[in-house]
Amino acid sequence: MKIDKDTLHKLAHLARLELREEDGPGMMKDLEEILTWVEQLNEIDTEGVEPITNMSFETNVFRSDEVKNQLPHDSALKNAPKKDEGFFRVPKFLD
Amino acid sequence: MKRFRSFAQIQKSLNEKNASCLDVVNYYLAQINQRKHLNAFLEVFDQEAKDRAVQIDQKIQAGKAGRLAGMVVGLKDVFCYQGHKLQAASKILEDFESQFTATCVQRLLDEDAIIIGRLNCDEFAMGSSNENSAFGPVLNAENENRVPGGSSGGSAVAVQANLCTVALGSDTGGSIRQPAAFCGVIGIKPTYSRVSRYGLLAYASSFDTIGVFSNTIEDNALALEIMAGKDDFDSTVSSRPVPEYHKKLGFEGKAKIAYLKETLESEGLNDEVRQNFIDTIDRLKEEGHEVEAVDFPLLKYALPTYYILITAESSSNLSRYDGVRYGYRSPNTLNMESMYKKSRSEGFGEEVQRRIMLGTFVLSASYYDAFYTKAQKVRRLIKNKVQDLLETHGFLVMPTTPTTAFELGSHTQNPLEMYLADLFTVQASVAGVPSISIPNGKDSDGMPFGLQIMANFFEEEKLYAFSNTMLK
């Protein structure tokens, strides 16, 4: 599996990561090697096999729609890197 | 001072009034202090543990103590414990304080266990040597130039070096069993969904399990039976009743045991580990068990299947660390996008970023089917085969790891090389079946071997009983 520079930057953007210029080649090499290694799964015939999407044995776990176990407002804000009296603060994103 | 290696010893001392809970806590605090350089603990709740010990001593006097009174527990740094810091050994959760308590931790507290501190691990539980921690590696107490294994390296060493009675860990692909093997202690990964994941930092949700490190099977079984079972806060957790594991620790009769031919033929298998395993098979036969070599050609595909699925799930789970609601926010940001990107790039370590990138790749529109869906299909095949095998055979045994504990720094250059440390542990994780690692002798350098034993879904009881017999 070849990963070019464009793909690498596209992936980093999708993952909201910012790769340093000097880390680019190393990351590209690691991704290529690992993806080439996982491609060995193509040796297995999976025709007609249903992909598994859930490992739990429970089905339809229902509970009544009651409000419980809430996090109080100040607890929810406690760990915020930036906040005011009632809200999380983030940089301006609308002009 | 009295030494304590198991909860049974502690209980005996408490019953005979030779020691109080406070003495027990003081013993462990002294041990922790003496072995600080192992770097197992990220934080010790010393005063709090002492205060709680005094309260529990009073409860004992009043005859109102819970089943774990006197048990001192260490928590891998991935469990929420209200009012306490939690960091997943990552810079991105700097100064984070849990606002609630994980179900498994709460259940131990409800039975009067004493939590003594937070244990070092690989960042976000991603690693096999505990060298990916933002707080530096943990040292193996058997030989301080060797790794303790990972990701729950701190938990393994804490039990190995007698820094607590039992330690909690999480196991996604081997993160309890592999370090347990490297450190010569017992570590169980229960059946997927046996223990509620509420309050466990999510890594790969369809693989994550919570388990126990201990020096004795009895302690392990008791802690697990208290933590396991139905919970309103995790809709995937099993509603099956939990047996009293610790009461049935004698295995009777002869077992039908399988081992995989492919294990012995594995390229990365160290010669001494191979010989140790062959000796174990001989011993099982001598003891009258029926041991059979079976083919499992899918074995070598378990690891790549695992890496596709866990990177996908972790890239999704770790998207929550965005610098908005908690954790680290980069000071160098001008707008939302650069805030996300800089906070995440400055906050996450290298291996975490590599896995997020891989996961993003396998989930991207053009590659989703070829990688992610393909791996989900192979996972079903592996799961079915493992289940079939464990229906005809009571147990599946193999070495826990292809080598014993390796030197610090020896596998940090090539990520693939490090991934191979999980070669034998991922199979149970991919299938979801319970699996335990027990100490099984030492190599010529004095490093412990681990024997891994698997049983079918929800057969922890049998697994404990058989392991206990093996250790006698």
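Note that the coordinates shown come from a computational prediction; the quantities given were computed from them, not determined experimentally. (Residues numbered from 1 in each chain as written. Chains lettered and ligands numbered in written order. Predicted model: local features only at pLDDT ≥ 70, side-chain atom pairs only at ≥ 80, totals over all residues. Heavy atoms only, no water.)

All names here are of chain B. Counting residues in each nonpolar core, the largest one holds 174 residues, and the members touching the most others are Val-105, Phe-124, Leu-168 and Ile-453. No other element matches helix α10 (residues 299–317), which puts 10 residues into this core. In contact with Ile-453, not counting residues within four places along its chain, are Phe-395, Leu-396, Val-397, Pro-434, Ser-435, Ile-436, Ile-438, Leu-463, Phe-466, Ser-467 and Met-470. Membership of the second largest hydrophobic core comes to seven residues, among which are Val-147, Phe-182, Ala-405 and Met-418. (Core = buried A, V, L, I, M, F, W, Y, C linked by side-chain atoms within 4.5 Å. Buried < 20%, exposed > 50% of the residue type's maximum accessible area, 1.4 Å probe, protein only. Helix = DSSP H or I, 4+ residues; strand = E, 2+ residues; numbered from the N terminus. Contact = heavy atoms within 4.5 Å.)

A few words on the packing of aromatic side chains. A full pass over the atoms with the stated rule returns 26 aromatic pairs over all chains. Seen in terms of ring centroids, Phe-100 of chain B and Tyr-198 of chain B are 5.0 Å apart; in terms of plane orientation they differ by 25 degrees. Their pairing is stacked. Residue Phe-100 of chain B is found in the loop between β2 (72–76) and α4 (103–110), and its partner Tyr-198 of chain B is found in the loop between β5 (186–189) and β6 (209–214); the two are separated by 98 residues along the sequence. Between Phe-251 of chain B and Phe-395 of chain B, the aromatic rings sit 5.7 Å apart at their centres with planes inclined by 65 degrees, giving edge-to-face as the arrangement. Taken together, the positions of Phe-251 of chain B in the loop between α7 (217–227) and β7 (256–260) and Phe-395 of chain B in strand β9 (residues 395–399) put the pair 144 residues apart, joining distant regions of the chain. A single burial state applies to Phe-251 of chain B and to Phe-395 of chain B, both of which are buried. Clustering of aromatic rings is evident, with ring pairs tying together Trp-37 of chain A together with Phe-207, Tyr-306, Tyr-307 and Tyr-419 of chain B. Looking at Lys-91 of chain B, its charged tip hangs above the ring of Tyr-328 of chain B, at a distance of 4.8 Å from the centre. Note that Lys-462 of chain B overlies the ring of Phe-395 of chain B, its terminal NZ or CZ placed 5.0 Å from the centroid. (Phe/Tyr/Trp six-rings, centres within 6.5 Å; stacked < 30°, edge-to-face > 60°. Lys NZ or Arg CZ within 6 Å of the ring centre and 35° of its normal.)

On to the environment of Gln-387 of chain B. All names here are of chain B. Structurally, Gln-387 can be placed in helix α13 (residues 368–392). It is 7.8 Å that separates the C-alpha atoms of Gln-387 and Ala-431, two residues lying 44 residues apart in sequence. Discounting residues that sit within four places of it in the chain, Gln-387 has contacts with Asn-456 and Phe-457.

This part takes up the environment of Lys-230 of chain B. All names here are of chain B. One can find Lys-230 in the loop between α7 and β7. Residue classification places Lys-230 among the exposed positions, given a relative accessible area of 52%. A C-alpha to C-alpha distance of 7.4 Å links Lys-230 and Arg-240, two positions 10 residues apart in sequence. Leaving out residues up to four positions away in the same chain, Lys-230 has contacts with Arg-107, Val-237, Ser-238 and Ser-239.

With that settled, consider the pattern of salt bridges. All names here are of chain B. One pass over the structure, following the stated rule, counts 31 salt bridges over all chains. With a shortest N-O distance of 2.9 Å, Glu-43 and Arg-118 are connected by a salt bridge. One end of the pair, Glu-43, is in strand β1 (residues 41–44); the other, Arg-118, is in strand β3 (residues 114–119), and 75 residues separate them in sequence. Overall, the relative accessible area of 27% leaves Glu-43 in the partly exposed class. Using a relative accessible area of 7% as the deciding quantity, one classes Arg-118 as buried. Residues Asp-77 and Arg-118 are paired through a salt bridge, measuring 3.0 Å at the closest nitrogen-oxygen approach. In this pair, Asp-77 is assigned in the loop between β2 and α4 and Arg-118 in strand β3, connecting sequence segments 41 residues apart. Accessibility assignment for this pair places Asp-77 and Arg-118 in one class, buried. (Salt bridge = Lys/Arg side-chain N within 4 Å of Asp/Glu carboxyl O.)

This part is about the interface of chain A and chain B. Between chain A and chain B, the contact holds 52 residues from the first and 72 residues from the second. With both sides pooled, the region where chain A packs onto chain B buries about 5700 Å², and carbon together with sulfur makes up 69% of that total. In this structure, the connection of chain A to chain B is made through five salt bridges. The salt bridge partner of Glu-43 of chain A is Lys-300 of chain B, with a shortest N-O separation of 3.6 Å. Contributing elements (two or more residues each) for the side of chain A that touches chain B: α1 (5–14), α2 (24–38) and α3 (73–78) of chain A. (Buried area = accessible area lost by both parts, 1.4 Å probe.)

The subject of this paragraph is the side chain of Thr-400 of chain B. Residue and element names in this part refer to chain B. Topologically, Thr-400 is positioned in the loop between β9 and α14 (415–419). Overall, Thr-400 belongs to the buried group, its relative accessible area being 0%. Here Ser-437 takes part through its side chain, which lies 2.9 Å from a polar atom of the side chain of Thr-400. There is a polar contact of 3.5 Å between the side chain of Thr-400 and the backbone nitrogen of Leu-451. Ignoring anything within four residues of it in the chain, the contact list for Thr-400 reads Arg-177, Gln-178, Ala-181, Phe-424, Thr-425, Ser-437, Gly-450, Leu-451 and Gln-452. (Polar contact = N/O pair within 3.5 Å; in protein donor to acceptor, adjacent residues only side chain to side chain.)

The next subject is the confidence of the model for chain B. Here chain B averages 97 in pLDDT, while 100% of its residues score no lower than 70. Reported for the predicted complex are a pTM of 0.97 and an ipTM of 0.96. (pLDDT = per-residue confidence, 0-100.)

Let's shift gears to unusual backbone geometry. Residues and elements named next belong to chain B. Geometrically, the link from Gly-150 to Ser-151 is a cis peptide bond, its omega value of 5 degrees lying close to zero. Looking at the element boundaries, Ser-151 is found in the loop between β3 and α5 (153–160). For Asp-95, which is not glycine, the phi torsion reads 65 degrees and is therefore positive. Tracing the backbone shows Asp-95 in the loop between β2 and α4. For Asp-95, a relative accessible area of 55% gives the class exposed. Backbone geometry places Phe-458, a non-glycine residue, at a positive phi of 60 degrees.

Attention shifts here to the side chain of Asp-171 of chain B. Residues and elements named next belong to chain B. If you trace the backbone, Asp-171 turns up in strand β4 (residues 166–171). Its relative accessible area of 0% is what places Asp-171 among the buried residues. Among the polar contacts listed, one links the side chain of Asp-171 to the backbone nitrogen of Gly-174, at a separation of 2.8 Å. In terms of polar contacts, Asp-171 uses its side chain to reach the backbone amide nitrogen of Ile-176, at 3.1 Å. In contact with Asp-171, not counting residues within four places along its chain, are Ile-176, Arg-177, Lys-189, Phe-207, Asp-208, Thr-209 and Ser-429.

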